Amino acid sequence: MTRLTTYPAVIWLLGAALTGAFLWQMLAVTNREVITNDEGFHTYAGYRYWQCADFGVNPEHPPLGKMIAGLVLQVAKIPAPSGPCPVVSTAKGSGYADSAEWLYGSAGPGVEAKIDRVIPLARRGMATFALLLALTAFFFTRRMFGDLSALVSLALIAFEPTLVAHGSLVTTDMALSATSLLAVASFFLFHRRRNFRGLLLAGLSCGLALSVKHSGVLIVPTVLLLALAELAFDWNRGEQLRTNKILKEAAAVLFILFLGFGVLWATYHFRYVARPDGAQMTTSLNDFIADTRAKENHSVILKTIPFLAHYHLFPEAYLYGFVDVLSISDPGQSAFLFGHLYPHGVPQYFPSVILIKTTLGMIGLALLSLLAFRKYSFDLRPSYFLAPSLVWLLAGMVSTLNIGYRHILPAIAPACCLIGSAIVHVWRTSGRFVRFAIAVLLVAHVASSLVAFPNELAYGNEVFGGVSNSHNLLTDSNNDWGQALPQIATWLKDNRVSDCSFAYDGFAKPDHSGIGCNRIVANLFELNGDKGEAQLSRIQSGTFIISGLSWSGIEWERPDLNPYEVFQKAKPRAVIGGADMVYTGTFDMSRVIAVNQLAEAMSLNGEKKFSQALGPARATVHEMPTSAFAHLALANALAGIGLNDQAHQEYQEADTIAASQPEWYFLQRAEIHAGLAASARASR
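What counts and what doesn't
Residues numbered from 1 in each chain as written. Predicted model: local features only at pLDDT ≥ 70, side-chain atom pairs only at ≥ 80, totals over all residues. Heavy atoms only, no water. Pairing = 2+ DSSP bridges. Helix = DSSP H or I, 4+ residues; strand = E, 2+ residues; numbered from the N terminus. Axes fitted to C-alpha atoms, helices over the stretch in contact; angles between N-to-C directions. Parallel < 35°, antiparallel > 145°, perpendicular 65-115°, else oblique. Left-handed = near helix turned anticlockwise from the far one by under 90°. Contact = heavy atoms within 4.5 Å. Nonpolar A, V, L, I, M, F, W, Y, C, P; charged D, E, K, R; others polar. Disulfide = S-S within 2.5 Å. Buried < 20%, exposed > 50% of the residue type's maximum accessible area, 1.4 Å probe, protein only. pLDDT = per-residue confidence, 0-100.

### Focus on the sheet that holds strand E3 (residues 500–503)
Right, on to step 1. Overall, mixed pairing links the 5 strands, which are arranged E4-E3-E5-E7-E6 in an open sheet. Each end of this open sheet is capped by a strand with a single partner; those strands are strand E4 (518–519) and strand E6 (574–576).
Right, on to step 2. When strand E5 (residues 539–547) meets strand E7 (residues 580–588), the two strands line up antiparallel, connected through 9 bridges. Within E7, the position partnered with Ile 546 by the bridge is Met 581.

Laid out in structure tokens, this is it:
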């Protein structure tokens, strides 16, 4: 292994081969997957930014990453979305609907849908961030620890299942992983060279991290930690030199952050207002803040947003997106872990996910790498890998938004580099037995990832049952993001199944993949507007396909009201792509019918068709009398047609249920209380 360093050409060839393997895997995987849940809106927004400079579209994330996808589409001359520019509505629901219309609206008999060309192109554009990550990891590790450490680190990254799965998706996670590692590497190079060019590169890199995702703000504490580490390493110098060092370090950090925030402003065209030509957000920033506060959000950051907006310290769209992130992360959404549904995130979530979704080879190498700390205990270099990994992990652990490993994706590549560098040292200083163990573990890491192909999104290591068992442990972007439709179509064809019912919880359209199953309700707020229209009997026999999101219960009200609980108790006939479960038999579908009626009532209330909503709402209350959602839907329908006394009673019933289990209803309690007050006034 050590002899490789005497052949530079071999090092470069191996580095190129590993980088190529990384890119090939992710593009091969994504070519087998349909559009995942967030990609449609992100792609649409990226195009709109170039077309209209309308940053009110999908402000949930800063625009830079999405603009890369949009740029590729512009170069490829993909037809623009129809409709006015700027768009009519910036509501999130409208954005999903507009993006679905743009991507699927051109489909017809004998006509290739636009989505079949748009998404592969956009994903290839986003793969540039994966390439940036691989190159940064290789050259950064090589600069610190040499050729062999760089190669081993790159090998760990190239076959890391979660990095492969998310590498080219039109989302913001890989973009943040690449730009944050580039920022850390640039900060390191600045401290080794101490020149203005290094300072400039560090500032620009930090700006890129800030401009692709709101959690990119974590690059600020990461840089501060590394600056403190640099100071601590030189602390034994004389007092005067120490003071000069502190002042220079503080000045450098301030310049880097100032330049970084300048890059952030540049991505928004140095414009405070979110939208061009005097257009306003559908819901104003102040109203959005008020609504978020009403939903029991106690974030300290939320309290600072009005001040930042008043003095135009950040772009309006950036602040709007920050409120959006805070609105879903405090108190948080339901979390599914080891088969248990929690009302919000739990501290053990991300450590558990790491154990489940990291290859056994990587875990073994991580444990062996601890032997290297004897050498590196007083070495500053490993802290450049350790600091970013710990910052993102700790941020994830204190967050109550636990819906996917991807939210701490920037922690993975630095961890791979740390393990790779340490394991090379262990190899060099150990005997034959330890070297054999390292070789076996490296092979095991690569093999486990390849065996999971093309289902890396649903990866789980062998101890936890692999891909086919991941739905029992995790959900959402950990295993089911609506991606497995082509595999379902193949399974149906191979097994000659044509009469089936499908609870699909995703953005894509199953019929476009050749799936003719009857749709049944998959969640209460379907992205594509399909609430599931199949005619069901209370007791029904047949073939049922249930998506992991719907199966887990995360999309429903409480665990005891999960309409697909009956399927959780049965053994699936097949698990397709780790994401969708197939069942054959006879099942009690009464709760599925009730939830479908609830979804219908909620939709009709939203359209102000209150008299039409009354029937399905009453039916839902009859079937699920302990559902606060059902009583709330009925109350809203009654209030809408002027039956305020009856509406008040239903609001009270909903409030009683919500008060008895408040952890499940923090989003609904504000609406219930507002309804109670309004119905009481109207009754008087």
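On we go from here.
### Describing the packing of helix H16 (residues 360–369) against helix H19 (residues 412–429)
Right, on to step 1. Running from N to C, H16 and H19 cross one another at 60 degrees; their axes reach a closest spacing of 9 Å. In this view, H16 runs oblique relative to H19, as classed from their interaxial angle. Our pair here, H16 against H19, has a crossing hand that is left-handed. The residues of H19 that touch H16, namely those facing Met 362, Leu 365, Ala 366, Leu 368 and Ser 369, are Cys 416, Ile 419, Ala 422, Ile 423 and Val 426.
Right, on to step 2. Partitioning the contact of H16 with H19 into residue classes produces 9 nonpolar, 1 polar and no charged.

### Structural notes on the state of the cysteines
Right, on to step 1. Tallied over the entire structure, the rule returns 2 disulfides.
Right, on to step 2. Disulfide pairing places Cys 52 opposite Cys 85 at an S-S distance of 1.5 Å. Looking down the S-S bond of the Cys 52 and Cys 85 bridge, the torsion is -125 degrees, so its handedness is left-handed. Of this pair, Cys 52 sits in helix H2 (residues 39–52) while Cys 85 sits in the loop between helix H3 (64–75) and helix H4 (92–104), and the two are 33 residues apart along the sequence.
Right, on to step 3. Residue classification places Cys 52 among the buried positions, given a relative accessible area of 10%.
Right, on to step 4. The side chain of Cys 500 participates in a disulfide bridge whose partner is Cys 517; the two sulfur atoms lie 2.0 Å from each other. Across the disulfide from Cys 500 to Cys 517, rotation about the S-S bond amounts to roughly -85 degrees, and the bridge is consequently left-handed. In this pair, Cys 500 sits in strand E3 while Cys 517 sits in the loop between E3 and E4, placing the two residues 17 residues apart along the sequence. In this pair, the class of Cys 500 matches that of Cys 517, namely buried.
Right, on to step 5. Within the chain, bonded cysteines paired by disulfides and numbered along the sequence follow the pattern 1-2, 3-4.

### Brief notes about the confidence of the model for the chain
Right, on to step 1. Of the residues in the chain, 95% reach a pLDDT of 70 or more, and the chain-wide mean stands at 92.
Right, on to step 2. Across the chain, helix H15 (residues 349–357) holds the top mean pLDDT of 98, while helix H17 (residues 373–376) sits lowest at 62.
Right, on to step 3. Every residue in residues 107–111 is under pLDDT 50, and counting partners more than four places away or in other chains gives 2 contacts.

### Here we look at unusual backbone geometry
Right, on to step 1. Cis geometry is adopted by the peptide bond preceding Pro 86, which originates at Cys 85 and carries an omega value of 10 degrees.
Right, on to step 2. Its place among the elements puts Pro 86 in the loop between H3 and H4.
Right, on to step 3. Despite not being glycine, Phe 338 shows a phi value in the positive range, around 50 degrees.
Right, on to step 4. The topology assignment puts Phe 338 in the loop between strand E1 (335–337) and strand E2 (340–342).

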